[in-house]
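Examining the three-dimensional arrangement
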Amino acid sequence: MDFTLNHHWFHFVVHVLIVSSSLMMWFPIITNVPKLPHLTYPFQMAYLFVQSLIPAIVGSFITFSSSAVYSYYGQAPRLWGMSAVTDQQVGALIMKTIGSLILWSFIGVAFFKWYAMEQRQDKGPAWTDVEQELQDIGLTLSDRRPHPRP
């Protein structure tokens, strides 16, 4: 990391890779492209839960560090009078809190979409859908004539 902070061209390359991998991480959740796989709602929730663990692990190392994680960062000028350790602890807290809120919001949306889908399937088709299908195959109530009695 110190190398990336001392060499701006490499810093840019690292950020391009981070943004690219972040976009790829969201593809299974938000893709509408037919040829790309789309996870079912239970798998989306599990996938996002695992994704929420990664920032927790990284954030815990940063939060509980007793010194600046990167030497470059420890020597950088301080803006608001915070020490490098306090600054990185606040940053880790923000990273974990906001990241978790975003991921858990998507988990909640996936849960309620899954619940609504299950409710629709349990309910069965609406009568208007049944009538439309009967009409499509040529069997409508208006076509039914009473059979003469023998």
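Look a little higher up for the structure.
Cut-off values and rules
Residues numbered from 1 in each chain as written. Predicted model: local features only at pLDDT ≥ 70, side-chain atom pairs only at ≥ 80, totals over all residues. Heavy atoms only, no water. Axes fitted to C-alpha atoms, helices over the stretch in contact; angles between N-to-C directions. Helix = DSSP H or I, 4+ residues; strand = E, 2+ residues; numbered from the N terminus. Parallel < 35°, antiparallel > 145°, perpendicular 65-115°, else oblique. Left-handed = near helix turned anticlockwise from the far one by under 90°. Contact = heavy atoms within 4.5 Å. Nonpolar A, V, L, I, M, F, W, Y, C, P; charged D, E, K, R; others polar. Patch = residues over 30% accessible without salt bridge, like charges linked within 9 Å, V, L, I, M, F, W, Y side chains within 5 Å. Areas by Shrake-Rupley, 256 points an atom, 1.4 Å probe, with all protein chains shown as cover. Salt bridge = Lys/Arg side-chain N within 4 Å of Asp/Glu carboxyl O. Buried < 20%, exposed > 50% of the residue type's maximum accessible area, 1.4 Å probe, protein only. Expected span 1.5 Å × (residues − 1).

Notes on the packing of helix α2 (residues 8-30) against helix α5 (residues 84-123)
Packed helices, taken two at a time, are described by the angle their axes make and the gap between the axes. Closest axis-to-axis distance for the α2/α5 pair is 12 Å, and the angle between their directions is 20°. Between α2 and α5, the crossing angle belongs to the class labelled roughly parallel. Here the hand of the crossing between α2 and α5 comes out left-handed. In this structure, α2 contributes Trp-26, Ile-29 and Ile-30 to the contact, and α5 contributes Ile-102, Leu-103 and Phe-106. A breakdown of the residues in the contact of α2 with α5 according to their chemical character gives 6 nonpolar, no polar and no charged.

A few points about a nonpolar patch on the surface
On the surface, a nonpolar cluster with roughly 650 Å² of combined accessible area is contributed by Phe-3, Trp-9, Phe-12, Val-13, Val-16 and Leu-17. Relative to the helices and strands, Val-16 resides in helix α2. Look at Val-16 and you get partly exposed, because its relative accessible area is 38%.

Things to note about helix α3 (residues 41-63)
Along its 23 residues, α3 runs 33 Å from first to last C-alpha, staying within 8% of the 33 Å computed at 1.5 Å per residue. For α3, the full list of buried residues reads Gln-44, Met-45, Leu-48, Gln-51, Ser-52, Pro-55 and Gly-59. Among the structural elements, α2 and α5 are those in contact with the buried residues of α3.

Digging into the pattern of salt bridges
Inspection of the entire model under this criterion finds 1 salt bridge. Salt-bridge contacts for Arg-78 lead to Asp-87; the nearest nitrogen and oxygen are separated by 3.5 Å. Relative accessible area serves as the criterion here: at 28%, Arg-78 is assigned to the partly exposed category. Residue classification places Asp-87 among the partly exposed residues on the basis of a relative accessible area of 23%.

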